Amino acid sequence: MNPVIKLNVLALDVENAKQIVEATNGRVFIGLMVKSFASTDLAIQTVEKFQAAQIPVSVGLGAGDPAQWEKVVEVATRTKPAHVNQVFPAAGYTIGALRSVDSQHTLVNALIKPSGTPGKVIIATGPISQNYENVVSCDSAVAMLAEIGVPSVKFYPIEGDKRLDEVGEMVKAAVRHGIKTFEPTGGINVKSLPQVLDVCVKNGAEQIFAHVYTSIVDKTTGLTRLEDIRELMQIISRG
């Protein structure tokens, strides 16, 4: 069975996002980072504006900032987006909060950090726990997620293609525990995406959401470059 592969990318505005959705045939989430907004209400208004244009929104922290986890929950429960990024300690809480507002469709991930040693990871990604970077096995980490029904692992930062051995071990552990969605994140670009996808596919991931952010954003205009989006889609199609 071929895996489902989607992109998670940024967009400057609704028009840029619409062009991206069209260029990817909808195989994309548009990331809106709560850290970028001065208030929760402004973040909610922006998410709703994108949703009104039929854009699948991914509500994110902003560079994995653990201080934003509560803001993510509030924005997510009030907008019921397609996708939510969350720190490991708050992922189960976030799923429960979404269920309480009857949002069954929102996919929530949990942020796990590579430790530098294949097979070992850091799950202390919350605002307090980040100060205690205890290392656990990949199996321990995903077993905890499986116990509380978190369906996706966000592995960040993988530094493009520099941590592929760690990515492979994390994917294998997730698959062993029935977690079918894997989200490699951090430093991925057009050049490194093929290797990242190859490792994820070979190790059994059934859904791969590759986060490709600033590397495809035009520094002058702030627009996500459509030519890069098309190239990324060609890579996905070849895979």
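Structure: above.
Let me begin by describing the structure that accompanies this report. (Residues numbered from 1 in each chain as written. Predicted model: local features only at pLDDT ≥ 70, side-chain atom pairs only at ≥ 80, totals over all residues. Heavy atoms only, no water.)

**A look at the overall build of the protein**
- Counting secondary structure elements, the protein contains eight helices and 10 strands.
- The C-alpha extent of the protein, read off along each of the three principal axes, is 45 × 40 × 35 Å.
- Counting across all 239 residues of the protein, residues that qualify as buried make up 52%.
- For the protein, the proportion of contacts with a sequence separation of at least 24, taken over those separated by at least 6, is 68%.
- Carbon and sulfur atoms provide 49% of the accessible area of the protein, an area that totals close to 10,600 Å².
- Taking the average location of the 23 positive side-chain charges in the protein and that of its 24 negative ones, the two points are 2 Å from each other. (Helix = DSSP H or I, 4+ residues; strand = E, 2+ residues; numbered from the N terminus. Buried < 20%, exposed > 50% of the residue type's maximum accessible area, 1.4 Å probe, protein only. Contact = heavy atoms within 4.5 Å. Areas by Shrake-Rupley, 256 points an atom, 1.4 Å probe, with all protein chains shown as cover. Lys, Arg positive; Asp, Glu negative; His and termini not counted. Charge placed at Lys NZ, Arg CZ, Asp CG, Glu CD.)

**So, the environment of Leu-61**
- Checked against the element boundaries, Leu-61 lands in the loop between strand E3 (57–60) and helix H3 (69–79).
- Leu-61 sits 137 residues away from Asp-198 along the chain, and the two C-alpha atoms are 27 Å apart.
- Not counting residues within four places of it along the chain, the set of residues in contact with Leu-61 comprises Met-33, Val-34, Lys-35, Gln-68, Trp-69, Val-72, Asn-85, Gln-86 and Val-87.

**Brief notes about the packing of helix H6 (residues 164–176) against helix H7 (residues 193–202)**
- Following both chains from N to C, one finds H6 and H7 inclined at 30 degrees, their axes separated by 8 Å at the closest point. One way to sum up the angle between H6 and H7 is to call them roughly parallel. Along this stretch, H6 crosses H7, giving a crossing that reads as right-handed. Here H6 contributes Leu-164, Val-167, Gly-168 and Val-171 to the contact with H7, which in turn contributes Gln-195, Val-196, Val-199 and Cys-200.
- When its residues are assigned to classes, the contact of H6 with H7 shows six nonpolar, two polar and no charged. (Axes fitted to C-alpha atoms, helices over the stretch in contact; angles between N-to-C directions. Parallel < 35°, antiparallel > 145°, perpendicular 65-115°, else oblique. Left-handed = near helix turned anticlockwise from the far one by under 90°. Nonpolar A, V, L, I, M, F, W, Y, C, P; charged D, E, K, R; others polar.)

**Quick notes on the pairing of strand E2 (residues 28–33)**
- Where burial is concerned, most of E2 is hidden: six out of the six residues are buried.
- Side-chain alternation along E2 places Val-28, Ile-30 and Leu-32 on one buried face and Phe-29, Gly-31 and Met-33 on a second face that is also buried.
- Pairing between strand E1 (residues 4–9) and E2: three bridges, direction parallel. In the strand pairing of E2, Val-9 is matched with Ile-30.
- Two strands pair when backbone bridges link them, and E2 and E3 are joined in this way by four bridges, in the parallel orientation. The partner of Gly-31 across the bridge, within E3, is Ser-58. (Pairing = 2+ DSSP bridges.)

**Quick notes on the environment of Lys-162**
- One can find Lys-162 in the loop between strand E8 (152–155) and H6.
- Along the chain, Lys-162 and Ser-192 lie 30 residues apart, while their C-alpha atoms are 9.2 Å from each other.

**As for the nonpolar core**
- Counting residues in each nonpolar core, the largest one holds 70 residues, and the members touching the most others are Leu-7, Ile-30, Ile-112, Val-121, Val-153, Met-170 and Phe-182.
- It is helix H8 (residues 226–238) that contributes the most residues to this core, six residues altogether.
- Phe-182 has contacts with Ser-152, Val-153, Phe-155, Val-167, Met-170, Val-171, Cys-200, Ala-205, Gln-207, Ile-208 and Phe-209, leaving out every residue within four places of it along the chain. (Core = buried A, V, L, I, M, F, W, Y, C linked by side-chain atoms within 4.5 Å.)

**Focus on the environment of Ala-63**
- Relative to the elements of secondary structure, Ala-63 occurs in the loop between E3 and H3.
- Between the C-alpha atom of Ala-63 and that of Tyr-156, which follows or precedes it by 93 residues, the distance is 9.2 Å.

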